[in-house]
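Per-entry structural report
Residues per chain are reported as follows:
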Amino acid sequence: MAEPGVETRMRSSVITARAAATFDPVGRSVATARAFVRDTLQGWGFSDVVDDAVVLTSELVTNAVIHAGTSADVLCLRTEDGVRVEVADRYPEREVPMQGTGKSLGSPDRENGRGLLLCAALASRWGVEYTPTYKKVWFQLDLPERPVGARSAGPVLPVDLLPVADERVRVAVVQVDRTGALMSWNDDAEHIFGYPAEKVMGKPFTEFAAWPHTPGTGTGIVDALHLSRWEGSYGMRGADGRVIPVYASHLRVRDTQGEPSTVCLLVRDYERAVIQTPQRVPVTEGSESRAADPFEVFIGSPAPDDLDGLLQRTVERARDMLDGDAAFLLLATDDETELEVRSTTGLPSARQRFARVPVEAGTGRYGSARMPAVHEDLMAVPGAVPLLNDTGMRSVVTVPLKVEGRLTGSLGVASETAAHFSNEEALRLQFAADRIALAVESARLGELERLRRGSLSFLVEASDLLAGTLDRDQTLALMAQMTIPTLATWCAVYTIADQSSEPYLSFVLHEDEERIDGLKSLLSKISPPDPVPTPGARIWTAPAEAAHQAALRTSIRELGGGSAPVSSGIGTTLATAAAVGGETVVLPLVARNRVIGMLTLGKPSDDHFRQEILELAEDLSRRAALALDNARLYSERTAISQALQKSLLPPGLPQIAGVEVEVIYRAAGEGNEVGGDFYDLFPIRDGAYGFAIGDVCGTGPEAAAVTGLARHALRLLAREGFTGPAVLERLNAAILDEGERSRFLTLLYGELWPQEDGSALLKVVCAGHPLPLRLRQDGTVEPAAEPQPLLGVLDDLSLYEQTVTLDPGDVLLCVTDGVTERREGTRMLGDDGLAEVLTTCTGLTAGAVASRVLRAVERFAAEPASDDMAILAMRIPEPQPS
């Protein structure tokens, strides 16, 4: 029964002819069915609807023999006003989306079901009929409405505008058989050319036709006689030897026995209006008619705006024009040395897209894409057309696309049968290629310009991101994230520590996060690519081969398990194999004339990189290599700096019985652990400890160098038994010995002796340093020393030490000027502000005192500290009640 909403009845018209054929469920049947419908309709004189009928039949037969997998019955019915074509298959339960039922017709890009969409778009009426054994799809194409008895009609013109002809218009009618021999010659032909019929019958028509030979732009006379319809100008040799210019209209027909022949109508060239077919272009009132654009004649109107759409339309039209099974179009690279596959039909496009073949594949015309070529049997010359290897194609015709003599591409049509193409098809295809070459090249240049603009934006953004970090791990992550998925499906970064080290797999990323672990495991099991410094991308086959072998082993192992359920391991392995089964390329990461790693980019199964993407990846790899090397150098120098700076700090604070000690140290500057401020607390001898807190003029590495000199000299001199003033005087001399590298130094140095009664005795020398403050139990704060000259200025110093006794509960606070000179605008914390903070610390431990002072300094100003700070707090704890 028929689907509701779809008309299944024909108009009440008389069927005047029918033709039927059955086609086997093989791919070749589609092309055979197209030829059957084309020949049938042209024989009936329905050339106006041939193209639409062939397209619809091709799609419906494809659905039957390819998708449904059954034979296809094709029936053509001729009526008075049109033609009906029926295509039936043996798959009646197949779901068919219909108009008016609320079901979606699906996407036009889908292969399956597209025929019904085309029926809805092209046919006057169409429908679907079901029986228990078959499903039939039919469509009706009506002939264009014209005045009765006329093919076309023009406006009424004044007599003086009518075309000029002789007093009697003569139309030569000749008929040529399949071999090219004349089989009919009328009286007008004898009058125009001077030959009686008995002298020309049976002779080759080519003996009389003076055909213009323009290589690459026209069709030969033999080719024209084999076309279904042809119009144009050429010359005929008269009996007097002169060449008579004629305008001809050729129509190829077949008789009731199926024997083909060509009927030629010829008039003198200046009388061409008698038989010339008017241009079938709509003309609006007041506008002038224009000649049909040969490009639009082949491509159709409107032409696709984008390059991919244009190329796809081209290969489909080329395939249908030559009744082929497949077609392909390749575009030439800038240097014209390679051709890149850009569009195919009838071939596994995903596997072939962006694959490359050389322009010159061998010697001779058949090895060069610059010349038309016909291969009658590819099995006789294996590998002659690498693109068609293992596709089942037996014959192929290829022609070049040229613009101003420069090779821009190649167009080819292939067939599953041998000897399917001849020079006739090559000429027809070359004629079409010449008409579309300029449009294709313009679209390609437009695409390249858009791609280059996008590439420039991409590289600018990538440079900004890479320049924004000096962290090695973050740089590796950025490199991978910028390539996925813009440039590739997956990415791996190998790094090389030094010339003697092997490449190390440092980072792996896939656009599907679930594939990362499997990909990382696979890459870790194969040898890394060789660190070749040669610029540019090179193919790396190891990942795809390893993935294939792993999938094969896993499949065999799982199949050998008998009835055991299939584990999830095979799914992961096969997914990984599919993820890395396409093309994989390696780009060296070269910085400062050394290979520091490799950037590996990969595609999924049967996919290839296009040249523009590889060039963009090469630009990115150069920027990424420099960023990665900068991050490496920064990390190395930071590690060295930190190691040297840590050597300037005390290894640890000793535990002093009866004394609490706390130190807080902050170095100014990013990445600095030691600056111009320093501290130390160390044992001198049994029961005696030395302590120091100082400030070298300035900050940074130069100040830190004097810090190291001062701290180590203090320990050495103190343990030699020198008193505090003697220690500082000798240190002063050492600083002055540094010459231009010497720096001013303020220093508070003291010696500490814990006493048996719980107190502590201190001897202190304050050389230009902020005075130490003593906090008593009652909350009073007072200086614990007097100021004396700083070090590194005078050759002759006379210093003295002062004795201070700290009672239980007392705190001695020592700071550098980074604390007292903390500023907020014109305000400064100062000695008084520090003393005020210290008065609030009564009863606190040494650690709590140091922390409260630090918080007060940090809260005093909003801006980060610009000077080093050191805080040393010592407290004598109160005795615990027994």
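A brief report on the enclosed structure follows. If you're wondering where the values come from, they're calculated on a predicted model, not measured in any experiment. (Residues numbered from 1 in each chain as written. Predicted model: local features only at pLDDT ≥ 70, side-chain atom pairs only at ≥ 80, totals over all residues. Heavy atoms only, no water.)

To continue, consider the overall build of the chain. Secondary structure summary: the chain contains 20 helices and 34 strands in total. Counting all 882 residues of the chain, 47% fall into the buried class. Across the chain, every contact between residues at least 6 apart in sequence was considered, and the portion connecting residues at least 24 apart equals 62%. Put simply, the chain shows about 43400 Å² of open surface, and 52% of that area lies on carbon and sulfur atoms. (Helix = DSSP H or I, 4+ residues; strand = E, 2+ residues; numbered from the N terminus. Buried < 20%, exposed > 50% of the residue type's maximum accessible area, 1.4 Å probe, protein only. Contact = heavy atoms within 4.5 Å. Areas by Shrake-Rupley, 256 points an atom, 1.4 Å probe, with all protein chains shown as cover.)

At their nearest, the axes of helix α19 (residues 830-839) and helix α20 (residues 846-860) sit 10 Å apart, and the two run at 135 degrees to each other. Taken as axis vectors, α19 and α20 run oblique relative to one another. The handedness of the crossing between α19 and α20 is right-handed. Two secondary-structure elements touch here, α19 through L834, V837 and L838 and α20 through V849, R852, V853 and A856. Partitioning the contact of α19 with α20 into residue classes produces six nonpolar, no polar and one charged. (Axes fitted to C-alpha atoms, helices over the stretch in contact; angles between N-to-C directions. Parallel < 35°, antiparallel > 145°, perpendicular 65-115°, else oblique. Left-handed = near helix turned anticlockwise from the far one by under 90°. Nonpolar A, V, L, I, M, F, W, Y, C, P; charged D, E, K, R; others polar.)

Turning next to a nonpolar patch on the surface. Taken together, the side chains of L157, V159, L161 and L162 make up a nonpolar region of the molecular surface, amounting to roughly 410 Å² of accessible area. Owing to a relative accessible area of 56%, L161 belongs among the exposed residues under this scheme. (Patch = residues over 30% accessible without salt bridge, like charges linked within 9 Å, V, L, I, M, F, W, Y side chains within 5 Å. Salt bridge = Lys/Arg side-chain N within 4 Å of Asp/Glu carboxyl O.)

Once that is clear, we can look at the nonpolar core. Within the largest apolar cluster, 34 residues are counted, with the highest numbers of intra-cluster contacts made by L41, W44, V61, V74, V83, F139 and L141. The set of elements that each furnish at least two residues to this core consists of β1 (17-23), α1 (28-43), α2 (50-68), β2 (72-78), β3 (82-89), α3 (114-122), β4 (125-130) and β5 (135-142). Of all the elements, α2 adds the most residues to this core, at eight residues. Once residues within four sequence positions are removed from consideration, V74 is found in contact with A19, A20, A21, F23, F36, V37, V61, V85, E86 and V87. (Core = buried A, V, L, I, M, F, W, Y, C linked by side-chain atoms within 4.5 Å.)

Attention shifts here to unusual backbone geometry. One non-glycine residue, D323, lies in the positive phi region at around 55 degrees. Examined against the element boundaries, D323 turns out to sit in the loop between α8 (307-321) and β12 (326-332). Phi at R592 is positive, roughly 55 degrees, even though this residue is not glycine. With respect to the helices and strands, R592 occurs in the loop between β21 (584-591) and β22 (594-602).

Locating S29 in the fold gives a position in helix α1. Looking at S29, the relative accessible area reads 6%, which means it is buried. What S29 contacts, discounting residues up to four positions off in sequence, is F23, D24, V61 and V65.

With antiparallel pairing, six strands are arranged side by side in an open sheet as β7-β6-β11-β10-β9-β8. Of all the strands in the sheet, just β7 (182-185) and β8 (209-210) have a single pairing partner and so form its edges. Across six bridges, the pairing between strand β6 (residues 172-177) and strand β11 (residues 260-268) is antiparallel. Bridge assignment links V173 to a residue of β11, and that residue is L265. (Pairing = 2+ DSSP bridges.)

The next thing to look at is the packing of α1 against α2. Look at α1 against α2: their axes get within 9 Å of each other, and the N-to-C directions meet at 150 degrees. One way to sum up the angle between α1 and α2 is to call them roughly antiparallel. When the axes of α1 and α2 are compared, the crossing they make is right-handed. Along its contact with α1, which presents S29, V30, A33, R34, V37, R38, L41 and Q42, the element α2 presents V50, A53, V54, T57, S58, V61, T62 and V65. Counted by class, the contact of α1 with α2 contains nine nonpolar, five polar and two charged residues.

Between its terminal C-alpha atoms helix α11 (residues 472-483) stretches 17 Å, which fits the 16 Å expected from 12 residues at 1.5 Å a residue. Of all the residues in α11, the buried ones are T475, L476, A477, L478, M479, A480, M482 and T483. (Expected span 1.5 Å × (residues − 1).)

Pairing is antiparallel in the open sheet, where five strands are placed in the order β23-β34-β31-β28-β29. What marks the edges here is a single partner per strand, and that holds for β23 (660-666) and β29 (781-783). Across the sheet, the mean angle from the axis of one strand to that of its neighbour is 20 degrees, orientation sign disregarded. With three bridges connecting them, strand β28 (residues 773-775) and β29 associate as antiparallel partners. Residue R774 lies in a different strand from β29, and its bridge partner there is E782.

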